[in-house]
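Each chain, letter by letter, is given below.
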Amino acid sequence: MNKTVKNSDEAIHGIKDGMTIALGGFGLCGIPENCIAALVRSGVKNLTCISNNAGVDDFGLGLLLQHHQVKKMISSYVGENAEFERQMLSGELEVDLIPQGTLATRLLAGGYGMPAIFTPAGVGTEVAIGKEVRRFKFNGEEKDYLMEYAFEPEFSIVKAWKGDADGNLVFRLTARNFSPLVAMAGKITIAEVEELVEPGKLDPQEIHVPGIYVHRIFKGEKFEKRIEQRTVRKK
Amino acid sequence: MLDKNGIAKRIAKEIKDGYYVNLGIGIPTLCANYIPEGMNVVLQSENGILGMGPFPFEGDEDPDLINAGKQTVTLLKGASIFDSALSFGMIRAQKVNLTILGAMEVSENGDIANWKIPGKMVKGMGGAMDLVASAKNIIVAMQHVNKAGESKLLPSCSLPLTGIRCVKKIVTELAVLDVLPGGGFKLLERAPGISVEDIKKATAGKLIIEGDIPEMIL
């Protein structure tokens, strides 16, 4: 099955004002740089973005924020972004902060065809406000769990290391993070890859996301792969 | 009084051979420097690593290999990489033996607040709420008092909570304390040069002192 598209502009076709999209990446690691750039170019507005982080001021999702294209962010951690903070405090931007494991598992549930999950994260905190609490005896103890709904983003966008025309994806090191979950949750999933390989070149045993979850794939035009915190030791 | 490295060094003594450990950002990260050589300890980073190693040598840093604090890191022999759902799966299923994290406030019943100061600082909880809700063994590394000299070990937290009744042990610049299941901070050890009186003054929550309190051995 040939799911290849020409470039990032063609890949994001159909993402319209007011839609909900999920994006892979942890900090700046493994973010779909090319599709984000294409979204900026497209001028699409009022997006709801599900993404663990919101980029930095001048890179990643920070670029969409800078151009006021985001209505709402659903994230677990949004430090390192002054423009984000300004928009949030001024009320321009709606922000739903949720625990990181909850975010990951709500995406997983979407891709696994399950409407909801139960997690202990956030019990007794403001995250639990308005949510159904259920008590389970599990793993040797009885405790409270919050019911959290699966994410069903209209579009999902991820960046993978390698992929093929069938949409099979392989991620590299910790650039995997949320990306397989994001890819599985989308009604339409777009993958930008560093290397688009010939069909049959990927080892079937080592594919992280099977192509059935991926609808469009292309070789990213350019990867900057910026490092957020360069920490090293001396030789 | 202990500095940050002193707190990390004392906490590292709680890490046992064969443990899988998740270290939070800040002082907890420093604990890795004090794990005795030859001890088998596997560090988990919640963005998807088991077997995290030290920072890379200059020039070897890889943008695709970072820890949960977004710092460039390395992998040790036997390491594995996985996605975020699996990472929190192993945390929720209590496969990780010990979680060490920082806090702004801890209450005498073990509640912890470390993610938000309303109107001032809203960065988000990251993985902290998942970790504290599931971990069997949670040690908090924190300052005993804030910059204004007010205690951060309180009868109840004033800041929005990260988790309830979850903290088991606290190591501060002044002391090591257990949080008792029935409530209260039980004083176990004093930092070098610190008296029981000093610790009493710095603790707003219920402090339990039984017998002589030894000075900690670092």
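It should be emphasised that the depicted structure is a prediction, and the values quoted were computed from it without experimental measurement. (Residues numbered from 1 in each chain as written. Chains lettered and ligands numbered in written order. Predicted model: local features only at pLDDT ≥ 70, side-chain atom pairs only at ≥ 80, totals over all residues. Heavy atoms only, no water.)

1. With respect to the packing of aromatic side chains
Taken as a whole and assessed by the stated rule, the structure comprises two aromatic pairs over all chains. Measuring from ring centre to ring centre gives 5.1 Å for A:F118 and A:F136, while their planes differ by 70°; the resulting arrangement is edge-to-face. In this pair, A:F118 is assigned in strand β5 (residues 116–119) and A:F136 in strand β6 (residues 133–138), connecting sequence segments 18 residues apart. Owing to a relative accessible area of 28%, A:F136 belongs among the partly exposed residues under this scheme. Between A:F136 and A:Y145 the ring centres are 5.6 Å apart and the planes differ by 75°, which places this aromatic pair in the edge-to-face class. For A:Y145, a relative accessible area of 9% puts it in the buried group. Chaining the aromatic ring pairs together yields one cluster made of A:F118, A:F136 and A:Y145. When the ring centre of A:F151 is taken as origin, the NZ or CZ atom of A:R106, which lies over that ring, is 3.9 Å away. The ring of B:F57 carries A:R233 above its face, with NZ or CZ at 4.0 Å from the centroid. (Phe/Tyr/Trp six-rings, centres within 6.5 Å; stacked < 30°, edge-to-face > 60°. Helix = DSSP H or I, 4+ residues; strand = E, 2+ residues; numbered from the N terminus. Buried < 20%, exposed > 50% of the residue type's maximum accessible area, 1.4 Å probe, protein only. Lys NZ or Arg CZ within 6 Å of the ring centre and 35° of its normal.)

2. Structural notes on helix α2 (residues 33–42) of chain A
Residue and element names in this part refer to chain A. Taken as a whole, α2 has its buried residues at E33, N34, C35, I36, A38 and L39. Buried positions along α2 lie against α1 (8–11), β1 (20–23), α3 (62–66), β8 (155–164), β10 (188–197) and β11 (216–219). Phi turns positive, to about 75°, at G43, one or two residues after α2. (Contact = heavy atoms within 4.5 Å.)

3. Here's the deal with unusual backbone geometry
What you tend to see is this: most non-glycine residues have negative phi, and most peptide bonds are trans. Residues and elements named next belong to chain A. A positive phi is found at N46, a non-glycine position, where the angle reads about 55°. Relative to the helices and strands, N46 is located in the loop between α2 and β2 (47–50). N46 sits in the partly exposed class, given a relative accessible area of 41%. Phi at K225 takes a positive value of approximately 50°, unusual for a residue other than glycine.

4. Some thoughts on the nonpolar core
Core analysis: the largest hydrophobic core is formed by 50 residues, its most contacted members being B:V21, B:I100, B:V106, B:I112, B:V140 and B:I170. Grouped together as the second largest cluster of nonpolar side chains are 37 residues, A:I21, A:L23, A:V70 and B:M125 included. (Core = buried A, V, L, I, M, F, W, Y, C linked by side-chain atoms within 4.5 Å.)

5. Observations concerning the side chain of A:S75
Residues and elements named next belong to chain A. In this structure, S75 sits in strand β3 (residues 70–75). Of the polar contacts made by the side chain of S75, one reaches the backbone oxygen of S51; its length is 2.8 Å. Residues within four places of S75 in sequence aside, it is in contact with S51, N52, N53, D96, L97, I98 and L103. (Polar contact = N/O pair within 3.5 Å; in protein donor to acceptor, adjacent residues only side chain to side chain.)

6. Quick word on the pairing of strand β14 (residues 185–190) of chain B
Residue and element names in this part refer to chain B. The pairing of strand β13 (residues 175–179) with β14 spans five bridges and is classified as antiparallel. Looking at β14, one finds that A175 is bridged to R190. Linking β13 back to β14 in an antiparallel pair, the connection comprises five residues, with G183 at a positive phi of about 105°. Pairing analysis gives two bridges linking β14 to strand β15 (residues 207–208), with the strands arranged parallel. (Pairing = 2+ DSSP bridges.)

7. Some remarks on the sheet that holds strand β7 (residues 141–149) of chain A
Residues and elements named next belong to chain A. Spatially, three strands are ordered β5-β7-β6 in an open sheet, and the strand pairing comes out antiparallel. Bordering the open sheet on either side are β5 and β6, each of which pairs with just one other strand. Averaged over all adjacent pairs, the angle separating strand axes in this sheet is 40°, with direction ignored. Relative to β5, helix α5 (residues 100–112) is tilted by about 150°, and along the sheet it contacts β5 and β7. (Axes fitted to C-alpha atoms, helices over the stretch in contact; angles between N-to-C directions.)

8. Let's talk about the domain arrangement of chain A
For chain A, the domain assignment lists domain 1 (8–99 + 151–219) and domain 2 (116–149). For domain 1 of chain A versus domain 2 of chain A, the separation of C-alpha centres amounts to 28 Å. (Domains from an automatic or database assignment.)

9. Some points on the interface of chain B and chain A
If you look at the interface, chain B gives 49 residues, while chain A gives 53 residues. Summed over both sides, the interface of chain B with chain A buries roughly 4,400 Å², with 57% coming from carbon and sulfur. The three residues of chain B that bury the most area against chain A are B:D64, B:K70 and B:K123, which together make up 18% of that side's buried surface. Connecting chain B to chain A are six salt bridges. The salt bridge partner of A:R172 is B:D64, with a shortest N-O separation of 2.8 Å. Taken together, chain B and chain A are joined by 31 residue pairs in polar contact (both at pLDDT 80 or more). Elements with a minimum of two residues in the side of chain B that touches chain A: β4 (74–81), α3 (84–92) and α4 (128–134) of chain B. (Buried area = accessible area lost by both parts, 1.4 Å probe. Salt bridge = Lys/Arg side-chain N within 4 Å of Asp/Glu carboxyl O.)

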